[in-house]
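# Secondary and tertiary structure notes
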Amino acid sequence: MIPGMTPTATVDLSSLRPAPRPAPAARWPVADVLALLGQPFMDLLFRAQRVHREHFDPNRVQLSTLLSIKTGGCPEDCAYCPQSAHFETGLEADKLMALDEVVAAAQAAKAQGATRFCMGAAWRSPKDRDIERVGEMVREVKALGLETCMTLGMLDGGQAQALQDAGLDYYNHNLDTDPAFYGQIISTRTYQDRLDTLAHVRQAGIKVCCGGIVGMGESRAERAGLIAQLANLEPYPESVPINNLVQVAGTPLAGTAPLDPFEFVRMIAVARITMPRAMVRLSAGREQMDEALQALCFAAGANSIFYGDRLLTTSNPQAERDRALLDRLGLRPTEA
Ligand code: SAM
Ligand code: DTB
Ligand code: SF4
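The model shown is predicted, which means the values in this text are computed figures rather than measured ones. (Residues numbered from 1 in each chain as written. Chains lettered and ligands numbered in written order. Predicted model: local features only at pLDDT ≥ 70, side-chain atom pairs only at ≥ 80, totals over all residues. Heavy atoms only, no water.)

## Remarks on the overall build of the chain
As a reminder of what qualifies: Each helix is a run of DSSP H or I of at least 4 residues and each strand a run of E of at least 2, with the numbering of both proceeding from the N terminus. Both definitions apply: the radius of gyration is a C-alpha atom measure, and the globule rule equals 2.2 Å times residues to the power 0.38. Categorising residues by exposure relies on relative accessible area from a 1.4 Å probe, with only protein chains included: less than 20% of the type maximum marks a residue as buried, more than 50% marks it as exposed, and the intermediate range marks it as partly exposed. Between two residues, a contact is recorded if the distance between any of their heavy atoms is within 4.5 Å. Under the convention used here, a 1.4 Å probe and the Shrake-Rupley method define accessible areas, while residue burial counts only the protein chains that appear.
Of regular secondary structure, the chain possesses 11 helices and 10 strands. Here the C-alpha radius of gyration of the chain, 22 Å, is about what a compact globule of 336 residues would show, namely 20 Å. By principal-axis analysis of the C-alpha atoms, the chain measures approximately 90 × 50 × 40 Å. Split into buried and exposed, the 336 residues of the chain put 53% on the buried side. At a minimum sequence separation of 6, the contacts of the chain that also span at least 24 residues come to 75%. In the form shown here, the chain has an accessible surface area of approximately 15500 Å², with 54% of it arising from carbon and sulfur atoms.

Have a look at this one:
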């Protein structure tokens, strides 16, 4: 025994405890993303191409087909969205599609060459009984040999787990924009609500598909803020859709000044650089882009598209035209 110490004496260890560690610095500070976005265009494209080639075959593109399984009548007020019940867009609301119709659409998508089938519902969040029904859709679509993705609004932990149990591969839930701009676009749910859903999806072991929309009147700094949010998710999403606003008459964002197309290409390039292993999807808005601009997006590191004549409620280039474009560029679709 140490002299002077009684057997019952306790030692104060508090001074030996390590001091609380400061939170790790954001891997991509907004200022660094903004600096990337502002690089000379050719330098930015060159860097993005280099990163792309380190991780992917630059001549391959993954094809995902969308289906709206529950259209319109949504209680949320997302200012870009034709499916919100808050706006008069002339869209008819529909109830959840029948299982056999969904399976038929998935079969058609597979026959056209898609490898992933993404099912979207205009819900704020699904009810538990909806989860049972969409779980069936996941099982049957997967049985066709397709990857499955769903976007159903906010999920709690139990719902995410139920979708994982059904075999869902990806859940799409977008952060949409910079936290500072978000309040101008949506009032019915918070940024934190979105982060919480993403955490539940991650926790359940489902792969995350998360991106945003540009062309909503945001600044370049706000576009940098969106990319920083995505790139600093731990880990960053496996799939990152970059949507260009599709302006729909009746929505508050109809009439917004369109984004400079090169700024859209810059977003793709910066998504590729900051999230090197993610599938970066050239998403909504392709119908309004010419083929040269789409080719620039591929050169900037986009390696996935929505493929099929419709997005959810708006149109997308005809599948045949897309096949011809990929062919002209020597881009081959990824195989299942
Ligand atoms: N209701 C669910 C939700 O919001 O999470 C799922 C469907 S919602 C239509 C999926 C995503 O589509 C939105 O997060 C948004 O990024 C994108 N989107 C919706 N309307 C769009 C538009 N007009 N232009 C571009 N992207 C749009
Ligand atoms: C995503 O980021 N874009 C897709 C998908 N995820 C669900 C949806 C685009 C919707 C465009 C407007 C519409 O067709 O309704
Ligand atoms: Fe509803 Fe989703 Fe459209 Fe928002 S984006 S209004 S949540 S369908």
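On we go from here.
## Quick notes on the confidence of the model for the chain
Heads up, the condition is: The quantity known as pLDDT measures the predictor's confidence residue by residue, on a range of 0 to 100.
Of all residues in the chain, 93% attain a pLDDT of 70 or more, and the chain-wide mean is 94. The model gives residues 1–9 a pLDDT under 50, and that stretch makes three contacts with residues more than four places away or in other chains.

## Remarks on helix α8 (residues 220–231)
The condition that has to hold: Expected helix span is given by 1.5 Å per residue-to-residue step, counting one fewer step than there are residues.
Compared with an ideal rise of 1.5 Å per residue, which puts 12 residues at 16 Å, α8 spans 16 Å between its outermost C-alpha atoms and is within 8% of the ideal. Of all 12 residues in α8, nine are buried, a share of seventy percent or more.

## Some words on the packing of helix α2 (residues 41–55) against helix α9 (residues 261–274)
As a reminder of what qualifies: Orientation is described by axes fitted as lines to C-alpha atoms, over the contacting stretch for helices, and by angles from 0 to 180 degrees between their N-to-C directions. What makes a crossing left-handed is the near helix being turned counterclockwise from the far one by less than a right angle; a clockwise turn instead makes it right-handed. All residues other than Ala, Val, Leu, Ile, Met, Phe, Trp, Tyr, Cys, Pro, Asp, Glu, Lys and Arg, Gly among them, are scored as polar; the first ten of these are nonpolar and the last four charged.
As a packed pair, α2 and α9 sit with axes 9 Å apart at the nearest point and diverge in direction by 35°. As α2 packs across α9, the resulting crossing turns out to be left-handed. Seen from α2, the contacting residues are F41, L44, L45, R47, A48, V51 and H52; seen from α9, they are F262, V265, R266, A269, V270, R272 and I273. Residue classes in the contact of α2 with α9 are distributed as 10 nonpolar, one polar and three charged.

## Examining the site of ligand 3
The test is simple: Whether a residue is near a molecule or strand depends on its heavy atoms: it is near if one of them lies within 4 Å of it.
Close contacts around ligand 3 come from C74, E76, C78, Y80, C81, S84, A122 and R189, and that covers them all. When grouped by side-chain class, the residues that make up the shell around ligand 3 number five nonpolar, one polar and two charged.

## Regarding the pattern of salt bridges
Just so we agree on the cut-off: Each salt bridge in this description consists of a side-chain nitrogen of Lys or Arg and a carboxyl oxygen of Asp or Glu lying within 4 Å of one another.
All told, the structure shown has 17 salt bridges when counted by the stated rule. With a closest N to O distance of 3.3 Å, D176 and R194 form a salt bridge. With D176 in the loop between β4 (170–172) and α6 (179–182) and R194 in helix α7 (residues 191–204), the pair connects residues that are 18 residues apart, well separated along the chain. R194 matches D176 in its accessibility class, with the two residues each being buried. Between E263 and R220 there is a salt bridge whose closest N-O contact spans 2.9 Å.

## As for the site of ligand 1
As a reminder of what qualifies: The term polar contact refers here to a pair of N or O atoms within 3.5 Å; inside protein, the definition further demands a hydrogen-donor-capable atom paired with an acceptor-capable atom, and it admits residues adjacent in sequence only when both atoms are side-chain atoms.
Around ligand 1, 16 residues are found, and the nearest of them are Y80, T151, N174, D176 and V246. A distance of 3.2 Å separates a nitrogen atom of ligand 1 from a polar atom in the backbone of A121. Contact between ligand 1 and D176: an oxygen atom at 2.8 Å from a side-chain N or O atom of the residue. Its residues placed into classes, the shell around ligand 1 shows eight nonpolar, six polar and two charged.

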